[in-house]
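Residue strings, one per chain:
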Amino acid sequence: MTFQEENPSGISKADIIVGIPSYNEAGGIAHTTEQAALGLKENFSQMASVIINCDNTSTDGTGQAFMNAESHGIPKISIATPRGIRGKGNNLKNLFRKVLDMDAKAAIVVEANLRSISPVWIRNLGEPLFKDFAFVSPLYVRHKYDGTITNNIAYPLSRCLYGRRVRQPIGGDCGLSSQMAGIFLKSPLWDEDVSQFGIDIWMSTLAVNEGLPVCQAFLGKPKISTTKPKDPALDMGPMFRHMVVTLFNLMNAFTNKWTTTKWSKPTAIFGVGISDVEAPPALKVSKDRLYMKFREGFNTHWDVYRTLFSSENLQKIREIASLDLDHFEMPVPVWARILFDCAIGYRRKILDRSRLLEVLIPLHYGMTLSFVNKTEGMSHHQAEEFLEDLCLVFEQSKPYLIYRWDQ
Amino acid sequence: MSKILVVDDEKHIRLLYAEELEEEGYDVATASDGIGILERIEEEEPDVVILDIKMVSSNGLDVLQEIRNKYYNLPVILCSAYGSYKVDIKSIAADAYVVKSSDLTELKKKIAQVLETTVPA
């Protein structure tokens, strides 16, 4: 795939790049660009830097808004996928190419619609790349009910599989060295889901499996975008599908790694000690809707569950479906085995793959409701501890997955 | 034989841990604070570090950050009399967190677990 480029300053080399992937983000990209420019000026002034907008040929004037944004003297380049080619992954693939073409040492990726981004984000995502780290994953302050896909699936599953505690493996913002960009660009594991929203879990998973040093950057602030915070009971967008499919595909690719991995190790954190730590905004959860969606899914998909889940799991799911809203609970070992069974079903092609995801979504709503019921009276830190215990259950349950994987 | 480096400013804790852990078959080295920790690690080459948090001359959470900047994968177990430090974000860079007790069962369990952990390089 080629890209169209607008490079008014004729920049051909840079030490550090900030890449901003976008599609129709005219309303937010100017703020992100200005904050990124301030971050580069304040923290990397000795280096040649450039900000690159990696766009999907937006139709709302994103390109123009980027080019008009204040960048405090930092040059800007705009690159775009050919018309009709969409996907965050495709935008980042273009960025990886630019990192190598421009002989850059490091790149920082920040999303285009960030309201809470500050120059500190650029420092913390970028500095570790000049201290031997190859990939920097973000660590935001998040509301306990924000990021349910991360909390229920991405974090516990990737942690128990690959043995690294990377808390926000699908955070969306990150830092990467040129070596890492080269690995991403040459990887044979690229596919259509990765070219869309699967890119975030794909990058995190490859990074921890390549054996290069990975760290987390504490960003101090919650991730607030120009879109409203989402009630976890709302319909799942395409991100759910792309992320889960990518996670399952990578399980096939890295079987030798995860089957020999036991327990997990922490991942270093860069940037703790930031003074302006902010509490995340409140998030309303519609428990009634979560319950209804779980029950509807149970009634609709029961026959499919019988082909997908082990008999012990089936019995438990039936029991859970009989619980009323206030007493609703999905025991963590059951949830872990549901995900493991889905991964096995995906591998064996027991179901059409899109059907399998359709079946998993109501169960994910059930797990979210269970998490809300359990952690309602808890502080942020208590909820984090609860989640750590949840991850430990996944790690303890892993022999079940290994045993059934090749059966 | 696995080697454990115990970093604690209280002498009786160092002696207790050394005695109990040696009985379990570990080789134990001790340090009375976190100053110069990287040199001690280089010298002793431990398989696990047990690190106190509230020490007179250093803060274990800062020492942990110092260790992590150089030794990404060295298992570190925070061992404090105070459970409250567990909510400090810096503590998540540790492999485990144990609240100090005269009964070392929990600590021994965590040591065994971190030594058993296998993560591909």
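1. Section: the overall build of chain A
Here's step 1: Along the backbone of chain A there are 14 helices and eleven strands.
Here's step 2: For chain A, the C-alpha radius of gyration of 21 Å lies close to 22 Å, the compact-globule estimate for 407 residues.
Here's step 3: Viewed in the frame of its principal axes, chain A has a C-alpha envelope of about 65 × 40 × 40 Å.
Here's step 4: Out of the 407 residues belonging to chain A, those deemed buried represent 62%.
Here's step 5: Relative to all contacts within chain A whose residues are 6 or more apart in sequence, the contacts with residues 24 or more apart total 85%.
Here's step 6: Accessible area for chain A stands at about 15,400 Å²; split by element, carbon and sulfur atoms hold 49% of it.
Here's step 7: In chain A, which carries 45 positive and 43 negative side-chain charges, the distance between the mean positions of the two groups comes to 4 Å.

2. Description of the sheet that holds strand β4 (residues 76-80) of chain A
All names here are of chain A.
Here's step 1: One open sheet accounts for nine strands, arranged β1-β4-β3-β2-β5-β8-β6-β9-β11; its pairing is mixed. Edge positions in the open sheet fall to β1 (4-6) and β11 (269-270), since each of these has one partner strand only.
Here's step 2: With three bridges joining them, β1 and β4 adopt antiparallel strand pairing. Its bridge partner being in β4, Gln4 is matched across the sheet by Ala80.
Here's step 3: Its contacts with the sheet place helix α4 (residues 119-126) against β2 (16-22), β5 (106-109), β6 (135-139), β8 (174-177), β9 (214-218) and β11, and it is angled at close to 135° to β5.
Here's step 4: Along the sheet face, helix α7 (residues 199-209) touches β6, β8 and β9 and points at about 130° away from the line of β6.

3. Some thoughts on the domain arrangement of chain A
Residue and element names in this part refer to chain A.
Here's step 1: Parsing chain A into structural domains produces domain 1 (4-270) and domain 2 (287-405).
Here's step 2: Both sides of the domain 1 and domain 2 interface together cover about 3,400 Å² of buried area, and 66% of this is carbon and sulfur.
Here's step 3: Its largest share of buried area at the contact with domain 2, domain 1 owes to Lys144, Asn152 and Phe248, together 20% of the area lost on that side.
Here's step 4: Taken together, the links from domain 1 to domain 2 amount to three salt bridges.
Here's step 5: For the salt bridge of Arg159 with Glu395, the shortest nitrogen-to-oxygen distance reads 2.7 Å.
Here's step 6: Residue assignment for the side of domain 1 that touches domain 2 shows that the elements contributing at least two residues are α5 (148-162), α8 (238-253) and α9 (255-258).
Here's step 7: Residue contributions to the side of domain 1 that touches domain 2 peak at eleven residues, all from α5.
Here's step 8: Tallied by class, the residues present in the side of domain 1 that touches domain 2 amount to 19 nonpolar, nine polar and six charged.

Criteria and cut-off values
Residues numbered from 1 in each chain as written. Chains lettered and ligands numbered in written order. Predicted model: local features only at pLDDT ≥ 70, side-chain atom pairs only at ≥ 80, totals over all residues. Heavy atoms only, no water. Helix = DSSP H or I, 4+ residues; strand = E, 2+ residues; numbered from the N terminus. Rg over C-alpha atoms; globule rule 2.2 N^0.38 Å. Buried < 20%, exposed > 50% of the residue type's maximum accessible area, 1.4 Å probe, protein only. Contact = heavy atoms within 4.5 Å. Areas by Shrake-Rupley, 256 points an atom, 1.4 Å probe, with all protein chains shown as cover. Lys, Arg positive; Asp, Glu negative; His and termini not counted. Charge placed at Lys NZ, Arg CZ, Asp CG, Glu CD. Pairing = 2+ DSSP bridges. Axes fitted to C-alpha atoms, helices over the stretch in contact; angles between N-to-C directions. Domains from an automatic or database assignment. Buried area = accessible area lost by both parts, 1.4 Å probe. Salt bridge = Lys/Arg side-chain N within 4 Å of Asp/Glu carboxyl O. Nonpolar A, V, L, I, M, F, W, Y, C, P; charged D, E, K, R; others polar.

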